[in-house]
Amino acid sequence: MGRLTTHVLDTAHGKPAADLAITLYRVRDGQTLEQLSQTRTNQDGRTGEPLLEGPGFQAGTYELVFEVAPYFRKTGARVSDPPFFDRISIRFSIADATSHYHVPLLVSPWSYSTYRGS
């Protein structure tokens, strides 16, 4: 059964990003966003459950939005005003609804990277 997971690593502090807000959207018609879920990361920088699985896990385009500025403010990191990154959106597509898609975020107040993980 296919599923979508994520985790967030705070590269500025060298630790998982705990209590970071994440919203998942399905992208309809190339631009309309349909909100599917909202969650927060746990102490390990992961969500307690997959973001999407079961019948709702379908081929298509999705967008994950990570609320990074509030997270970094809570950690005491030096964040500019306005922040360089307020929220980070990652748009990706699921081609095979039977596979595991893992979309991690490695982030600091000034940079980020992502990849398709396992």
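Up top is the structure these notes are about.
This one's a predicted model, so the numbers in the text were calculated from it and none came from an experiment.

What follows deals with the packing of aromatic side chains. Under the definition given, this model contains six aromatic pairs. Ring geometry for Phe 84 and Trp 110: centres 6.0 Å apart, planes at 40°, overall tilted. Taken as a pair, Phe 84 in the loop between helix 1 (68-75) and strand 8 (88-94) and Trp 110 in the loop between strand 10 (105-107) and strand 11 (112-114) lie far apart in primary sequence, 26 residues in all. With relative accessibility at 53%, the residue Phe 84 sits in the exposed group. Put simply, the rings of Phe 84, Phe 85, Trp 110 and Tyr 112 pair up and form one aromatic cluster. Of note, Arg 116 hangs over the ring of Tyr 101, and the distance from its end group to the ring centre comes to 3.8 Å.

Next up on the list: the nonpolar core. Ranked by internal contacts, the top residues of the largest apolar core, which has 25 residues, are Leu 4, Phe 66 and Val 68. Within the residue set of this core, elements represented by two or more residues are strand 4 (21-28), strand 7 (60-66), helix 1, strand 8 and strand 10. Those residues within four positions of Phe 66 in sequence are excluded, and the remaining contacts are Thr 6, Val 8, Leu 20, Ala 21, Ile 22, Asp 86, Arg 87, Ile 88, Ile 90, Val 103 and Leu 105.

Before going further, it helps to spend a moment on the pattern of salt bridges. Scanning the entire structure with this criterion turns up seven salt bridges. Residue Arg 40 is joined to Asp 19 by a salt bridge in which the shortest nitrogen-to-oxygen separation is 2.6 Å. Highlighted residues: Arg 40 in strand 5 (residues 32-40) and Asp 19 in the loop between strand 3 (15-16) and strand 4, separated in sequence by 21 residues. Given a relative accessible area of 43%, Arg 40 falls into the partly exposed group.

Below, the discussion takes up the sheet that holds strand 6 (residues 52-53). Strand pairing in a sheet relies on backbone hydrogen bonds, with the paired strands running either antiparallel or parallel. Strand order in this open sheet of three strands is 6-1-9, and the pairing throughout is mixed. A strand with exactly one partner marks an edge of an open sheet, and here the two such strands are strand 6 and strand 9 (100-102).

Taken in spatial order, the four strands of this open sheet run 3-2-10-11, and their pairing is mixed. At either margin of the open sheet sits one strand with a lone partner, and together these are strand 3 and strand 11. Sheet topology places strand 2 (residues 8-10) next to strand 10; three bridges connect them, and they run parallel. Within strand 10, the position partnered with Asp 10 by the bridge is Val 107.

Quick notes on the rules
Residues numbered from 1 in each chain as written. Predicted model: local features only at pLDDT ≥ 70, side-chain atom pairs only at ≥ 80, totals over all residues. Heavy atoms only, no water. Phe/Tyr/Trp six-rings, centres within 6.5 Å; stacked < 30°, edge-to-face > 60°. Helix = DSSP H or I, 4+ residues; strand = E, 2+ residues; numbered from the N terminus. Buried < 20%, exposed > 50% of the residue type's maximum accessible area, 1.4 Å probe, protein only. Lys NZ or Arg CZ within 6 Å of the ring centre and 35° of its normal. Core = buried A, V, L, I, M, F, W, Y, C linked by side-chain atoms within 4.5 Å. Contact = heavy atoms within 4.5 Å. Salt bridge = Lys/Arg side-chain N within 4 Å of Asp/Glu carboxyl O. Pairing = 2+ DSSP bridges.

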